[in-house]
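# Structural overview for review
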Amino acid sequence: MEFNVKKLASDAGVFFSRAMQFTEEKLGQAEKTELDAHFENLLARADCTKNWTEKILRQTEVLLQPNPSARVEEFLYEKLDRKVPSRVTNGELLAQYMTEAASDFGPGTPYGKTLIKVGETQRRLGAAEREFIRSASISFLTPLRNFLEGDWRTISKERRILQNRRLDLDACKARLKKAKAAEAKAAAVPDFQETRPRNYVLSASASALWSDEVEKAEHELRLTQTEFDRQAEVTRLLLEGISSTHVNHLRCLHEFVESQTNYYAQCYQFMLDLQKQLGRFSGTFVGNAESASPAAATSPPTVAAATLPAVPTIPVVPTIVGVPNTVAEGVLNPNEVKPPASGTRRARVLYDYEAADSTELALLADEMITVYSLPGMDPDWLIGERGNQKGKVPVTYLELLS
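Residues numbered from 1 in each chain as written. Predicted model: local features only at pLDDT ≥ 70, side-chain atom pairs only at ≥ 80, totals over all residues. Heavy atoms only, no water.

Along the backbone of the protein there are 9 helices and 5 strands. In the protein, the succession of α and β elements from N to C terminus is α-α-α-α-α-α-α-α-α-β-β-β-β-β. The buried share among the 402 residues of the protein stands at 30%. Contacts in the protein between residues at least 24 apart in sequence constitute 70% of all its contacts with a sequence separation of at least 6. (Helix = DSSP H or I, 4+ residues; strand = E, 2+ residues; numbered from the N terminus. Buried < 20%, exposed > 50% of the residue type's maximum accessible area, 1.4 Å probe, protein only. Contact = heavy atoms within 4.5 Å.)

The following block contains the structure:
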């Protein structure tokens, strides 16, 4: 390998000059070229974008993968350019445990049946979580990471070059200032009464030398000023590109919100379906539940049901042959239901709902229906009417209007 002593000495001289200029600026012993206000605002905006992008990226990674050891493992695989192994989500692992437990307890038992149903829902939740993590990583994390590892590194590199160009420029200004001061001192006319002619000759020679030094310093200053201006323009263009970065990150943020909305909507729908499935088998556990926890029968109604006007309590009459009983436990004949004189409200349907049996009313999203409650009803359900059709509807699917 060739060793260029001249280039090494030149680089060392430049480094020493920059170090001296930087130190003197910090000590207040040298002047510093200030950038214009617009440029300083661009620098501050870029730094702010970088700092908040890092924080948002790290916290989003924590949201998607709370396990720190798993995050470290994924980071190592990424740096080694190796595919991250597929990892079972917590929901899928719970589903596996519930399914195995149901096999041991007996799939035909009430507990085993419920474990299987809940386990299947947990498996679906785990699959939805996996898809959400994949979608969020592609649409949100990857663009943020690309900015920090690509555009920001380029900006940082050009900013360091600009800083070196500024130090060189200020060092040239300092050398020119010193050369002009020395030239002026050497060009001063000596006093012939106190100074010998020989000193005058030496003074004239020194003046000429300092004049050459001034010309050389002015030439270096012009070159350095040109390099500084060129580098400042390059850095300015890169910093102004932060605006397009914000636009790109805004689009990615919308996609992240959409992915998160779809994920939570899926989870909500899965749990509603599970609640409906378990509700159909609730009669199997009524005796045990009432004997084990008598206070459960007097649990307060949900907030949505509590917003309905109160209806006078009517004692539940035992079922007699030939006499309809519309509020008997688990029995509802829509043709026998009569709305109360007061207490009906309008409601907007939030989601589509498929009726499970003839006692329920199928719903379509955004349609308007009339709802009311009857004494003795489950607080999670209301009676809904749409024209000549009526039936039970779940409160969670409705937006009650005043």
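Past the structure itself, the notes keep going.
Spanning 16 residues, helix α4 (residues 90–105) covers 22 Å between terminal C-alpha atoms, matching the ideal 22 Å at 1.5 Å per step. Those residues of α4 lying buried are Gly91, Glu92, Ala95, Met98 and Ala102. The buried residues of α4 occupy one face: seen down the axis, they fall within an arc of 120°. Seen from the open side of α4, the exposed residues pointing more than 90 degrees away from its buried face are Asn90 and Asp104. For α4, the secondary structure elements touched by its buried residues are α5 (110–186). Backbone geometry just after α4 places glycine 106 at a positive phi near 110°. (Expected span 1.5 Å × (residues − 1). Arc of directions from axis to C-beta.)

Trans is the prevailing form of peptide bonds, just as negative phi is the prevailing case for residues other than glycine. In this model, aspartate 366 sits at a positive phi of 75°, which is unusual for a non-glycine residue. With respect to the element layout, aspartate 366 can be found in the loop between β1 (345–349) and β2 (368–372).

The grouping of Val88, Leu93 and Tyr97 at the surface amounts to a nonpolar patch, some 280 Å² of accessible area in total. Mapping leucine 93 onto the fold places it in helix α4. (Patch = residues over 30% accessible without salt bridge, like charges linked within 9 Å, V, L, I, M, F, W, Y side chains within 5 Å. Areas by Shrake-Rupley, 256 points an atom, 1.4 Å probe, with all protein chains shown as cover. Salt bridge = Lys/Arg side-chain N within 4 Å of Asp/Glu carboxyl O.)

This next bit is on the confidence of the model for the protein. Residues of the protein with pLDDT of at least 70 account for 74%, and the chain-wide mean is 79. This stretch, residues 191–195, has a pLDDT under 50; its non-local contacts, to residues over four places away or in other chains, come to 2 contacts. (pLDDT = per-residue confidence, 0-100.)

This brings us to the packing of aromatic side chains. On inspection of all chains with the given rule, the structure shows 10 aromatic pairs. Centre to centre, the rings of phenylalanine 132 and tyrosine 263 are 4.9 Å apart; their planes meet at 5°, and the pair counts as stacked. Residue phenylalanine 132 is located in helix α5, and its partner tyrosine 263 is located in helix α7 (residues 242–280); the two are separated by 131 residues in the primary sequence. Taken together, a centroid distance of 4.8 Å and an interplanar angle of 25° make the contact between phenylalanine 140 and phenylalanine 256 stacked. Placement of the pair is phenylalanine 140 in helix α5 and phenylalanine 256 in helix α7, with a sequence separation of 116 residues. (Phe/Tyr/Trp six-rings, centres within 6.5 Å; stacked < 30°, edge-to-face > 60°.)

A few words on the side chain of histidine 249. Take histidine 249: it is sitting in helix α7. We classify histidine 249 as buried; its relative accessible area is 12%.

Counted at 1.5 Å a residue, the expected span for helix α2 (residues 37–64) with its 28 residues is 40 Å, and the 40 Å between its end C-alpha atoms agrees. Burial in α2 covers these residues: Phe39, Leu42, Leu43, Ala46, Thr49, Thr53, Leu57, Thr60 and Leu64. Where α2 begins, the side chain of aspartate 36 points an oxygen toward the backbone nitrogen of histidine 38, at a separation of 3.2 Å. (Polar contact = N/O pair within 3.5 Å; in protein donor to acceptor, adjacent residues only side chain to side chain.)

For the rest of this paragraph, the subject is the pattern of salt bridges. This structure, assessed with the given rule, holds 18 salt bridges. Here arginine 165 ties to glutamate 227 by a salt bridge, and the two come within 3.8 Å at their closest N and O atoms. Taken as a pair, arginine 165 in helix α5 and glutamate 227 in helix α6 (residues 197–240) lie far apart in primary sequence, 62 residues in all. The partly exposed category is assigned to arginine 165, whose relative accessible area is 24%.

On to the packing of α4 against α5, then. At a minimum axis distance of 7 Å, the contact between α4 and α5 shows a crossing angle of 165°. By the angle between their axes, α4 is roughly antiparallel relative to α5. Relative to α5, α4 is oriented so that their crossing is left-handed. Between α4, through Gly91, Glu92, Leu94, Ala95, Met98, Ala101, Ala102 and Phe105, and α5, the contact on the second element is made entirely by Tyr111, Gly112, Leu115, Ile116, Val118, Gly119, Gln122, Arg123, Gly126, Ala127 and Arg130. The class makeup of the residues in the contact of α4 with α5 is 11 nonpolar, 5 polar and 3 charged. (Axes fitted to C-alpha atoms, helices over the stretch in contact; angles between N-to-C directions. Parallel < 35°, antiparallel > 145°, perpendicular 65-115°, else oblique. Left-handed = near helix turned anticlockwise from the far one by under 90°. Nonpolar A, V, L, I, M, F, W, Y, C, P; charged D, E, K, R; others polar.)

Turning our eyes to something else, we now look at the pairing of β2. Most of β2 sits out of view: 4 of its 5 residues are buried. The pairing of β1 with β2 spans 4 bridges and is antiparallel. Along β2, the bridge assignment pairs arginine 345 with valine 371. As paired elements, β2 and strand β3 (residues 381–386) share 3 bridges and run antiparallel to each other. Across the sheet, the residue bridging to tyrosine 372 is isoleucine 383, located in β3. (Pairing = 2+ DSSP bridges.)

In this structure, serine 373 sits in the loop between β2 and β3. Take serine 373: its relative accessible area is 25%, and that puts it in the partly exposed class.

Taken together, 5 strands build an open sheet; the order of strands is β4-β3-β2-β1-β5 and the sheet is antiparallel. Of all strands in the sheet, those bounded by a partner on one side alone are β4 (389–394) and β5 (398–400). Shown here is a sheet whose adjacent strand axes are inclined to one another by a mean of 40°, direction ignored.

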